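The lines below spell out each chain.
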Amino acid sequence: MKRQYLVPLLALLVLVLGGVFAAGACGDDDGGNGDGNGNGVSSDLDDIAAARGLTPEDMKHALQQFVPPGEYDDYVMFASGGHSGQVFVIGMPSMRILKVIAAFTPEPWQGYGYGADWGDTVLAGGNPEGVELTWGDTHHPALSETAGDYDGRWLYVNDRANGRVAMVDLQDMRTKQVLAIPNIQTSHGGLFVTPDSEYAMITSKFPMPWPPGTYAGSDEYADVYRGASAWLKIDQTNGRINMDESFQLELPPYTQDLADAGKLVSAGWGFFGSFNTELSVGADFDEALSEPIGDPMEAGASRNNFDYLHLINWKAAEQLIADGKYEMIGGQRVIRIETAVEEGILYLIPEPKSPHGIDVSPTGRYLVVSGKLDPHVTIFDFEKVEAAIAAEDFEGFDDYGIPILNYDSVLAAQVEVGAGPLHTQFDSKGHGYTSLFLESAVAKFTLGDDVVTGGEAPFELVDKISVHYNIGHLATAEGDTVTPDDNYLVALNKWSIDRFAPIGPLHPQNFQLIDLVDGEGPMDLIADMPIGIGEPHYVQIMKADKLSALELYAAGTDALTMDTHPEAIDAGEEKVERDGNNVTVWMTAVRSHFTPDIVRVKEGDNVTLHITNIEQTRDATHGFAIAHYNIQASLEPGEVATFEFVADKSGAYNFYCTEFCSALHLEMAGWFLVEPSDAVAALD
Ligand code: RUQ
Ligand code: CUA
């Protein structure tokens, strides 16, 4: 039986590999089995395939995914890490994990949040007033853009749990800023970067009582609870968000959800969906009867057949802010709903049924929304939207006075795609690809005839592929840009059930790599990638040659500012200074020792350690950890970090380098000697 496919397999492999062999890449390395034209290798491959029971399809997929050792992937994927609070960097097509970037959760491997000044400072900046958060739920990564294309400068990601935003500097793949956004308590899918990275926009998910900091019971939900759309101004020099130049719009207490930026024809606009226009707050619980009163949120928030897609003209909003048409709320300049309506910058469109995704096509013309309980994608035409706004073609106003555009006037089409549509991505050939959560599939459909190539009819389902299982997001390469690529799609599946070795009860989430065949062929599953940490929600996939990561920090760099650290020293400049209870140590780290490697202090001393990694060799990273002091750093070559702590436990504590840096790495250690204070000693 097996032999039947070996002939076509051989033909296929000779075809695919022929160029490589012809170029002499396998040279004389065929161990004498070959005849010099590749036949020996091919018969080896036949043997491997036969031994492992692989089909020609398997072999083709293996070759599609394969990146030879030492070669680079064509793409890098930035994946949110869900309630791990981190971000993963993954090569594509190999699907190899290249890095984990600490964002909202302290992460010892990067020395983030375990004593080094840069990470502690960043994490502390994200604490809402009076709260110390030590985790987050990273949801939507958004790469910075120039003219609508990813530019490799910065990455923003939101915290679902606490409504925060983190900014990652792609020069060194480190989080440089975490911000608690005033007036926003939680944020789900509402994050995007505008096409020239003017703003990162984040919307609230569940509304909160306004003014912020006050209490209001659920009976005041409609009157007092409010959502917000925050336009966070990005400093073009370093990617930081400047809260003083940011602004917000007040929103009704719907549950605002996924968002996407207008681009090209819809540039200057932002779009986000919502659910729970019913204003359900869930079922109260009757303590005497021990039963709920009323509908749970799930039912209460799904009664309406339509909720609202929100449209904001942010370019015009900028002008309103400049004209002073705002109020200060929670320390932010906020355009009230009434003002936004009066000035014509906020509109609604009815969207069916328990809406989830809103995705803008690469031309900016089509706004594709999906209702989780409607088997269609509903596609609005921005050209019709503009006409309806100009003609004041409204079908009414919501309870907060916001005009609702006439659904029929702005609709381009509905395409029946299947059960549980969530999110849509695009290729450059006029196709949309929608994830179907309930059906565990990806549906491919065509957009309007102005963007469909290849002779397909507009607004039609053209292909479908099964994925395993329960797909949430999906992403095409360069997928949120104005120029998406047509080669790969990644499905982010929530469950894997029986897909991998039984490591349960919980099985890994599963990314699946799908070949789009230049946007022309039937979609083809290439590979599975189980993700052992969760829960990744969304990814953006960028061409790897856009990465702008440094090879090395310049000597003496402060990773937070990227400038020279004020306490940087060179070899030979190490010193210890004492001033009463304050002990300051300037230390160097180099293979394979710390200088000084004995640090003496007294119990109760305030200790400041400035450690300079004086290496200038790639990857010559040194860690610094002190037993029982919960201190751990990772100092990359050229980096300087400061640690401030109180030596509150007397004793002899070992410190050591946590990176296997050299043959004598185990010897790269020392002693932190904390003498008992005189008072304590006197008692002994
Ligand atoms: S949204 S489910 Cu990104 Cu689908 Cu969270
Ligand atoms: Cu330095 Cu190990």
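Residues numbered from 1 in each chain as written. Chains lettered and ligands numbered in written order. Predicted model: local features only at pLDDT ≥ 70, side-chain atom pairs only at ≥ 80, totals over all residues. Heavy atoms only, no water.

Chemist: Looking at this structure, how should I read the sheet that holds strand β21 (residues 355–360)?
Modeler: Strands pair in a sheet through their backbones, by hydrogen bonds, and they do so in one of two ways: parallel or antiparallel. Across the sheet, four strands lie side by side as β21-β22-β23-β26; this open sheet has antiparallel pairing. This sheet does not close on itself; its edge strands, each paired only once, are β21 and β26 (411–416). Taking the axes of each pair of neighbouring strands and ignoring which way they run, one obtains an average angle of 20 degrees across the sheet. Where β21 and strand β22 (residues 366–371) come together, four bridges link them in antiparallel fashion. Of the residues in β22, the one forming a bridge with D359 is V368. Contacts from helix α9 (residues 382–390) reach β23 (376–381) and β26, with the element oriented near 55 degrees to β23. (Pairing = 2+ DSSP bridges. Helix = DSSP H or I, 4+ residues; strand = E, 2+ residues; numbered from the N terminus. Axes fitted to C-alpha atoms, helices over the stretch in contact; angles between N-to-C directions. Contact = heavy atoms within 4.5 Å.)

Chemist: Sorry if this is basic, but what is going on with the pairing of β21 here?
Modeler: The two faces of the sheet receive side chains in turn, since in a regular strand these alternate between them. In terms of burial, β21 is largely enclosed, as six of its six residues are buried. Between β21 and β22, which pair antiparallel in sequence order, lie five residues; one of them, G364, sits at a positive phi of approximately 85 degrees. (Buried < 20%, exposed > 50% of the residue type's maximum accessible area, 1.4 Å probe, protein only.)

Chemist: Can you walk me through the site of ligand 1 in this structure?
Modeler: In the vicinity of ligand 1, the contacting residues are H139, H140, H188, L258, H356, H423, H473 and H537. Grouping the amino acids of the shell around ligand 1 by side-chain chemistry returns one nonpolar, seven polar and no charged. (Near = heavy atom within 4 Å. Nonpolar A, V, L, I, M, F, W, Y, C, P; charged D, E, K, R; others polar.)

Chemist: It is not clear to me how the environment of L179 should be interpreted in this structure. Could you clarify?
Modeler: As for its placement among the helices and strands, L179 is situated in strand β7 (residues 174–180). For the pair L179 and V165, spaced 14 residues apart in sequence, the C-alpha to C-alpha distance is 5.4 Å. Other than its neighbours up to four places away in sequence, L179 contacts G125, G126, R164, V165, I241 and M243.

Chemist: Would you mind showing me how to read the packing of aromatic side chains here?
Modeler: Ring pairs (aromatic) are described by centroid distance and by the angle formed between their planes. Tallied over the full model, the rule gives 27 aromatic pairs. When the ring of Y75 is compared with that of Y488, the centres are 6.0 Å apart and the planes differ by 85 degrees; the resulting orientation is edge-to-face. Here Y488 lies in strand β32 (residues 488–493) and Y75 lies in strand β1 (residues 75–80), a separation of 413 residues in the sequence. With a relative accessible area of 6%, Y75 lands in the buried category. Put simply, the rings of W269, F271, Y347, F382, F394 and F397 pair up and form one aromatic cluster. (Phe/Tyr/Trp six-rings, centres within 6.5 Å; stacked < 30°, edge-to-face > 60°.)

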